[in-house]
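The chain contents come next:
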Amino acid sequence: MKALVKRKSEQGLWLEDVPEPICGVNDVLIKVDRTGICGTDVHIYEWDDWAKKTIPVPMVVGHEFVGEVVSVGSNVLDFHPGEVVSGEGHVVCGRCRNCLAGRRHLCAKTEGIGVNRPGAFAEFIALPMTNVWHHADDIDRDTASIFDPFGNAVHTALSFPVLGEDVLITGAGPIGLMAAAVVRHAGARHVVITDVNPWRLKLAEKLGVSRTVDVRKEKLEDVQKELNMSEGFDVGLEMSGNPSAFRDMLANMCHGGKIAMLGIPSSDMAIDWNTVVFNMLTIKGIYGREMYETWYKMTVMLQGGLDISPVITHRMDYTDFEDGFQAMRSGESGKVVLKW
Ligand code: NAD
Ligand code: ZN
C-alpha cells in the first residue's frame, strides 16, 4: 500500500510502498479515506530536535483520519465492515491505575499513532478496537477527519465552565480557532483570541469570536476596557505554546481565573508566579482527549449546530502532500485535509 514514511533522518517525508498492516485478533483494519495534517506532522517533516529524539525511523506518520472498516479481528464484535470510523490517536496500556479507573487519558504509558507506532497517512491502518470511534451517520466526512485536533480543542475548551464567562484564547492556530467556536457554542459571553498572524486572525472572524487581537499592535488591557470588562478574563485557553502569550494571559486573568493549557512550549518558560499565587489562578495541563467523553461531546455539539468547517482551508489529494505541508508551514492555513 502507499504511505507517507519518515524514511531518513533528515527534512522531508517520502511517499512509498509499504506492507499492509496486520490486523490482530483485537484489531480493526480501516481503509483510510481522509487525513488531517497536524502541527506534529510538520515537526516530523521538518525533523526538529523534538522529532529527532522521539520518532524511530522508518515510521509511517499521521494520526488524524477518517475511514471505513474493512475487516475485524476474531475478538471484535462491535465493529463491522463499511462503518465510518476515526481513531483515537493515543493508544493506552489498559492496565495501569488510571486506565483501570476509566481515566484513560491519564495513562502514563500512552503511545502515539504516527509517532511511536505506524500511523494514518497510508491506505490502511490497523488499530486496537478500544481506539476506534464509530461516527454518527450525520457527521460530515471532512470534519470527521479532524476529530483528533477538534478533540484537543473540546477537551481544553470544556475543562472549566464557560457559560456566561469571558474567555481568552491565546493562539489562533487550528486548535485555538476550533476552541473559539466551541466556547461560543457553549455560551461564553466574550470570546477574545490573540495571535501575531493576521491571516489567522481574519479566519477567526468566521468562528464566532467577539474580538481578535494582534498582540503586536494592541494590548489586552485596552481590549478589556473596550469590552467593558472590569475584572479580567474568567477562563483562559493557552493554544500557542508561546511564552509571551502565556505571560500576557496570566496578567489579564481575573482573580480566581482558570487556565487550561494545551500549547506546548519548546523549552522552559519563566512566569511571574506571584500573579498565580496572589490572584489565585488555577492552571490545568491538557493532553489529548478524554476517552471517550470528549468524542461524545464533539458529536453532540456538531449535531446541536456547532460548525467548525471554516477551519478547513485546504483540501487536496494525498499525492500532493508536499503542497499540503507547504500550506501548513506558510502559516496561511487552518487545517489541511488530504484525500486518500
Ligand atoms: P499552531 O502552531 O498552528 O498555532 C499556534 C498559533 O499561536 C499560531 O497561529 C501562532 O502564530 C500563534 N502565536 C505565536 N506567538 C503568539 C503570541 N505571542 N501570542 C498569541 N499567539 C501567538 O498550533 P495548533 O496546531 O493550533 O496547536 C496549538 C498548540 O497546542 C501548539 O503549541 C501545539 O503544539 C499544541 N498541541 C498540544 C496538544 C496536547 O495534547 N497538549 C495536542 C495538539 C497540539
Ligand atoms: Zn494505562
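Each residue is numbered by its place in its chain's sequence as written, counting from 1. Numbering of ligands from 1 and lettering of chains from A proceed in the order in which they are written. In view of the model being predicted, local features appear only for residues whose pLDDT reaches at least 70, and side-chain atom pairs are presented and counted only at 80 or more, with totals across whole chains, interfaces and linings using the full set of residues. Hydrogens are left out, water is left out, and the side-chain values use all remaining heavy atoms of the structure.

Visitor: Lay out the nonpolar core with the relevant residues and their values.
Guide: Residues Phe150, Ile169, Val183, Ile193 and Leu237 are the most contacted members of the largest nonpolar core, which totals 51 residues. For helices the rule is a DSSP run of H or I covering at least 4 residues; for strands it is a run of E covering at least 2, with both sets numbered from the N terminus onward. Taken together, the elements giving at least two residues each to this core come down to α5 (147-157), β11 (167-170), α6 (174-185), β12 (191-195), α7 (198-204), β14 (233-238) and α11 (293-303). Top contributing element to this core by residue count: α6, with seven residues. Two residues qualify as a contact provided that any one of their heavy atoms is within 4.5 Å of a heavy atom in the partner residue. Those residues in contact with Phe150 that lie beyond four places of it in its chain are Met178, Val182, Met298, Leu302, Leu306 and Ile308. For the purposes of this section, nonpolar cores are sets of buried Ala, Val, Leu, Ile, Met, Phe, Trp, Tyr and Cys residues that join through side-chain atoms within 4.5 Å. Each residue gets one of three labels from its accessible area relative to the maximum for its type: buried under 20%, exposed over 50%, partly exposed in between, using a 1.4 Å probe on protein chains only. Listed in part, the 36 residues of the second largest apolar core include Val28, Val32, Val42 and Met316.

Visitor: Describe the packing of α5 against α6, naming the residues involved and giving the relevant values.
Guide: Packed helix pairs are specified by the crossing angle of their axes together with the interaxial distance, meaning the distance between the axes. Think of each axis as a best-fit line through the C-alpha atoms, taken over the contacting stretch in the case of a helix, with angles from 0 to 180 degrees between the N-to-C directions. One way to put it is that α5 packs onto α6 with a least axis distance of 8 Å and a crossing angle of 50 degrees. One finds that α5 runs oblique with respect to α6. In this structure, α5 meets α6 at a crossing whose hand is right-handed. In this structure, α5 contributes Pro149, Phe150, Asn152, Ala153, Val154 and Ala157 to the contact, and α6 contributes Ile175, Met178, Ala179, Val182 and Val183. Here the nonpolar group is Ala, Val, Leu, Ile, Met, Phe, Trp, Tyr, Cys and Pro; Asp, Glu, Lys and Arg are the charged ones; every other residue, Gly included, is treated as polar. The residue makeup of the contact of α5 with α6, split by class, is 10 nonpolar, one polar and no charged. Reported orientations rely on four angle classes, namely roughly parallel under 35 degrees, roughly antiparallel over 145, roughly perpendicular from 65 to 115, and oblique for the rest. By convention, the crossing between two helices is left-handed when the near helix turns anticlockwise from the far helix through less than a right angle, and right-handed when the turn is clockwise.

Visitor: Could you give me a rundown of the sheet that holds strand β1 (residues 2-6), with the residues and numbers involved?
Guide: A sheet is described by the order of its strands in space; here three strands give the open sequence β2-β1-β4, paired in antiparallel fashion. Edge strands, defined here as strands with exactly one partner in the open sheet, are β2 (14-17) and β4 (59-60). In this structure, β1 lies alongside β2, joined through four bridges in antiparallel fashion. Of the residues in β2, the one forming a bridge with Leu4 is Leu15. We call two strands paired when DSSP finds no fewer than two bridges between them.

Visitor: Can you explain the coordination of the zinc ion (ligand 2)? Please cite residues and give values.
Guide: Surrounding the zinc ion (ligand 2) are the protein donor atoms Cys93 (SG), Cys96 (SG), Cys99 (SG) and Cys107 (SG), at 2.3 to 2.4 Å. In this structure, the zinc ion (ligand 2) is coordinated by four donor atoms arranged in tetrahedral fashion, with angles at the metal of 102 to 117 degrees. The rule for donors is simple: N, O or S, within 2.8 Å of the metal, or within 3.2 Å if the metal is Na, K or Ca. Water isn't counted, so a site may look like it is missing partners. Angular criteria define each label, namely tetrahedral for four donors with all angles between 85 and 135 degrees, square planar for four and octahedral for six donors with opposite donors over 155 degrees apart and remaining angles between 65 and 115, and irregular for whatever fails these tests.

Visitor: How would you sum up the sheet that holds strand β13 (residues 211-214)? Please name residues and give values.
Guide: Ordered in space as β13-β12-β11-β14-β15-β16, the six strands form an open sheet in which the pairing is parallel. The open sheet is flanked by β13 and β16 (282-285), the only strands paired with a single partner. Averaged over neighbouring strand pairs, the angle between their axes works out to 20 degrees when direction is ignored. By the bridge criterion, four bridges tie β12 to β13 in an arrangement that is parallel. Paired with Thr194 across the two strands is Val213, which belongs to β13.

Visitor: So, the site of ligand 1: which residues are in play, and what are the values?
Guide: Working definition: residue near molecule or strand if any one of its non-hydrogen atoms lies within 4 Å of it. Near ligand 1 lie 22 residues; those nearest to it are Ile175, Asp195, Arg200, Ile286 and Gly288. In the analysis that follows, any N or O atom pair within 3.5 Å is treated as a polar contact, provided that within protein one partner can donate a hydrogen and the other can accept it, and provided that, for residues neighboring in sequence, both atoms belong to side chains. Measuring from an oxygen atom of ligand 1, one finds a backbone N or O atom of Ile264 at 3.1 Å. In these tables, accessible area is a Shrake-Rupley quantity obtained with a 1.4 Å probe, and a residue counts as shielded only by the protein chains included in the view. Protein coverage of the free-state accessible area of ligand 1, which is 850 Å², stands at 80%. Taken together, the elements giving at least two residues each to the shell around ligand 1 come down to α6, β12 and α9 (243-251).

Visitor: Help me get a handle on the pattern of salt bridges, residues and values and all.
Guide: The salt bridge criterion pairs a side-chain nitrogen of Lys or Arg with a carboxyl oxygen of Asp or Glu, the two atoms within 4 Å. Scanning the model with the defined rule gives 20 salt bridges in all. Here Arg141 makes a salt bridge to Glu68, at a shortest N to O gap of 2.9 Å. Residue Arg141 is located in helix α4 (residues 141-145), and its partner Glu68 is located in strand β5 (residues 64-72); the two are separated by 73 residues in the primary sequence. Salt-bridge contacts for Asp148 lead to Arg289; the nearest nitrogen and oxygen are separated by 3.1 Å. With Asp148 in helix α5 and Arg289 in the loop between β16 and α11, the pair connects residues that are 141 residues apart, well separated along the chain. The same class applies to Asp148 as to Arg289, namely buried. Through salt bridges with shared partners, one network takes in Asp33, Arg34, Glu68, Arg141, Asp142, Arg315 and Lys339.

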